[in-house]
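Understanding the architecture of this molecule
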Amino acid sequence: IEGNVAAGANLGGYWFETFERGPHGPYASWPEYSDFNPKIRPLGSFKDNVVHSVGERGIRMYDPGYAPEEEFTFYNTRAYKNNDHGIFIHGTKNMVMDGGVFADNKVNIRNFNDRTIFRNLELIGTSDLVRERDPPNYCRDSTGIQQRINPGWNQGAILDNITFSGLNKGYDCGQTGITFYHLTNVKLFQGNPYISNIKTETGTDRKDLLRIECRWSEYPYKMKNIIVEDHDGTIGLTGSPGFYIINDTTALGWIQDASCTLDHSCGVYCENVCLRNVQVQTPGCSDSCYNHTMVISNGVDTVSYERHEDQSDEKKHLYEAVLPKDSFEILFYDQNGNLDESILPSDITIQFGDRPLCSSPIEEGDIGLKTPAPTQAPTGTNPPIYSNTILTSTDPIINVGSSNFNSDPLLAIDQSTSEYKVHTTDFRNTACFSVTPSQPTIVQELKIYTGRARRKDPRTYKLEGRAGLNDEWTLISEGGLTKNDIRNEVDMPITETSQHIMAMFENTIAYNEYRVWFPTNRGNQYYVAVGDVQFGGFFVSGINVQLPIPYPTSSFCSASNQCGSGYCHGDGYCE
């Protein structure tokens, strides 16, 4: 779609609305299109298109929207004098808007998505031509970019090299460069926007550039953790990088000493800080800790947090915080002010918001409940010795439970970022591998190093252990995994700086053999891929080690008739 002009329509100019099941029209029933999915088909091109003077939205991308797997770009788009939106983006992913002008629309860009990239744009509230043609009556409450506050852990929008002009020029029309749009059923702020290289017309008041409305922190929204990263300081007062933050103790609790300036709305601009949203949930303690107060401590100071006021089941055990880089400990106090020591690390989950661009954000491992000191395994005789790299590339390992693209399972524990891949669509409910360390161990954490693509990262895990081949598998831990959007370079040695996803849990029982399952991933429907997996915990002695037979990966099976004279073991290999 290149070089077109849409104008004067009652409703809109361009409309993207794709469906997941087949094409429309006469081809809808053709068998050869039964697997055709328009929603994810690559975009050919959208370049040098214009839309103006339509009754509602110039460009409409409405749910179910358009969501190809690869990034797509609208180049040099111009939208002006449309009665509602220049462009309305909804139900769409992997979108980039590069170059163009939006002017004299009620809302130039309305974005209901998370990671949409806007760059090299000029956004004009009221153009000089319109202002001169109809002064002073042409004063409308317009917005440059209206960004929805999204539910779920999303990546925030990116705004780079955007020029704002025509905001309240000559008289105050209530125009704003960037505002946040909120729906009453969304009470969490996640997916923090990144802002860099912002330019304004000479004479533009900073208060007209970005606004956090006071009502978002009040009933019924109760949002306490809105943060926007100004990566290069182009919206700050002094040019120093920082964060634009909602004026609430949830967001400001740990940055009292920073240089912060209160603006005209309910926003505070804090310079030279690096912040990240953190959510803590306590599903494991059920209703026994429903009204607890969470306290976060760095050993010197403490800040208290009440549970989220949303009463829905999914949020009733939820606490929110905005934290800088530090080492933090989480504590829970009951309604009588007593420390509740019955809550274990396995009872809570910690999720991190979108990783900011600043140099030193808080990471996994910087915050958590203290893990109780492990007890020695019941049959052990010597004190346990801790190691964060229990597994070595010489440990016996086999693929179990799912086919594996002919990947050597040793790639999962070779202490490098070479990828190990397993299907997620097999009937066996995806596993990954079983492995036997060199001696009995008490495992208390998993480190899963990222591979090439985030959508192939595991979303959930299950770890099981057993003492011998004839024993039943025992569940050690299972649950969700946080996401890490940073990719490791492939085929590189694991180092202290290698990116990983961590699961920590309480376990005091020693096992000889372990089995890891990754039932779901983060978006790709075919397989899970990991760069490496490491166990952290304790070596113990005094237990006889019975090594599993190292069945070759080529012995993967789903039925005994595939195993010659043997039979198909329940774990998915021939025996």
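One can find the structure itself at the top, above this paragraph.
With that settled, consider the state of the cysteines. The final tally for this structure, using the stated rule, is two disulfides. A sulfur-sulfur distance of 2.1 Å marks the disulfide that ties Cys260 to Cys270. Since a negative S-S torsion denotes a left-handed disulfide, the Cys260-Cys270 link at about 115 degrees is right-handed. Within this pair, whereas Cys260 is found in strand β17 (residues 259-262), its partner Cys270 is found in strand β18 (residues 267-271), the two being separated by ten residues in sequence. With a relative accessible area of 0%, Cys270 lands in the buried category.

Counted according to the given criterion, the structure contains nine salt bridges. Glu363 serves as the salt-bridge partner of Arg276, at 3.2 Å between the closest nitrogen and oxygen. Placement of the pair is Arg276 in strand β19 (residues 276-281) and Glu363 in the loop between β24 (349-352) and β25 (367-368), with a sequence separation of 87 residues. Judged by its relative accessible area of 21%, Glu363 is partly exposed. Put simply, Glu513 and Arg466 hold a salt bridge, and the shortest N to O gap is 3.0 Å. Remark: Arg466 occurs in strand β31 (residues 460-466) and Glu513 occurs in strand β34 (residues 513-517); sequence separation between them is 47 residues. Comparing Glu513 with Arg466 shows no difference in burial state: the two are buried. Residues joined in a network through salt bridges with shared partners are Arg276, Arg355 and Glu363.

Moving on, we get to the side chain of Ser477. Considering the arrangement of structural elements, one finds Ser477 in strand β32 (residues 474-480). Residue classification places Ser477 among the buried residues on the basis of a relative accessible area of 11%. Here Tyr461 takes part through its side chain, which lies 2.5 Å from a polar atom of the side chain of Ser477. Setting aside chain neighbours within four positions, we find Ser477 in contact with Tyr461, Lys462, Leu463 and Phe505.

In this section: the environment of Asn225. Within the secondary structure layout, Asn225 lies in the loop between β14 (194-200) and β15 (227-230). Here Asn225 falls in the buried class, since its relative accessible area comes to 1%. Sequence-wise, Asn225 and Ala321 are 96 residues apart; in three dimensions their C-alpha atoms are separated by 6.9 Å.

Attention now goes to the nonpolar core. Among the nonpolar cores identified, the biggest contains 53 residues, and Met61, Phe74, Ile87, Met97, Ile109, Leu210 and Ile245 are the most heavily contacted of them. Considering every element that reaches this core, the biggest residue donor is strand β16 (residues 242-246), with four residues. Among the nonpolar cores identified, the runner-up in size contains 29 residues, and Ile397, Val435, Phe518 and Val533 belong to it.

Our focus in this paragraph is unusual backbone geometry. Here the phi dihedral of Asn120 falls at roughly 60 degrees; this positive angle occurs in a residue that is not glycine. Within the element layout of this structure, Asn120 appears in strand β10 (residues 117-124). Here Asn120 falls in the partly exposed class, since its relative accessible area comes to 35%. Although it is not a glycine, Gln415 adopts a positive phi angle of roughly 60 degrees. Along the chain, Gln415 turns up in the loop between β27 (397-399) and β28 (420-423). For Gln415, a relative accessible area of 35% corresponds to the partly exposed category.

Read across the sheet, four strands follow the order β21-β20-β23-β25 without closing on themselves; strand pairing throughout is mixed. Looking at the sheet topology across the chains shown, the edges are occupied by β21 (302-306) and β25. With five bridges joining them, strand β20 (residues 293-297) and strand β23 (residues 328-333) adopt antiparallel strand pairing. Of the residues in β23, the one forming a bridge with Met294 is Phe332.

Scoring rules and cut-offs
- Residues numbered from 1 in each chain as written.
- Predicted model: local features only at pLDDT ≥ 70, side-chain atom pairs only at ≥ 80, totals over all residues.
- Heavy atoms only, no water.
- Disulfide = S-S within 2.5 Å.
- Helix = DSSP H or I, 4+ residues; strand = E, 2+ residues; numbered from the N terminus.
- Buried < 20%, exposed > 50% of the residue type's maximum accessible area, 1.4 Å probe, protein only.
- Salt bridge = Lys/Arg side-chain N within 4 Å of Asp/Glu carboxyl O.
- Polar contact = N/O pair within 3.5 Å; in protein donor to acceptor, adjacent residues only side chain to side chain.
- Contact = heavy atoms within 4.5 Å.
- Core = buried A, V, L, I, M, F, W, Y, C linked by side-chain atoms within 4.5 Å.
- Pairing = 2+ DSSP bridges.

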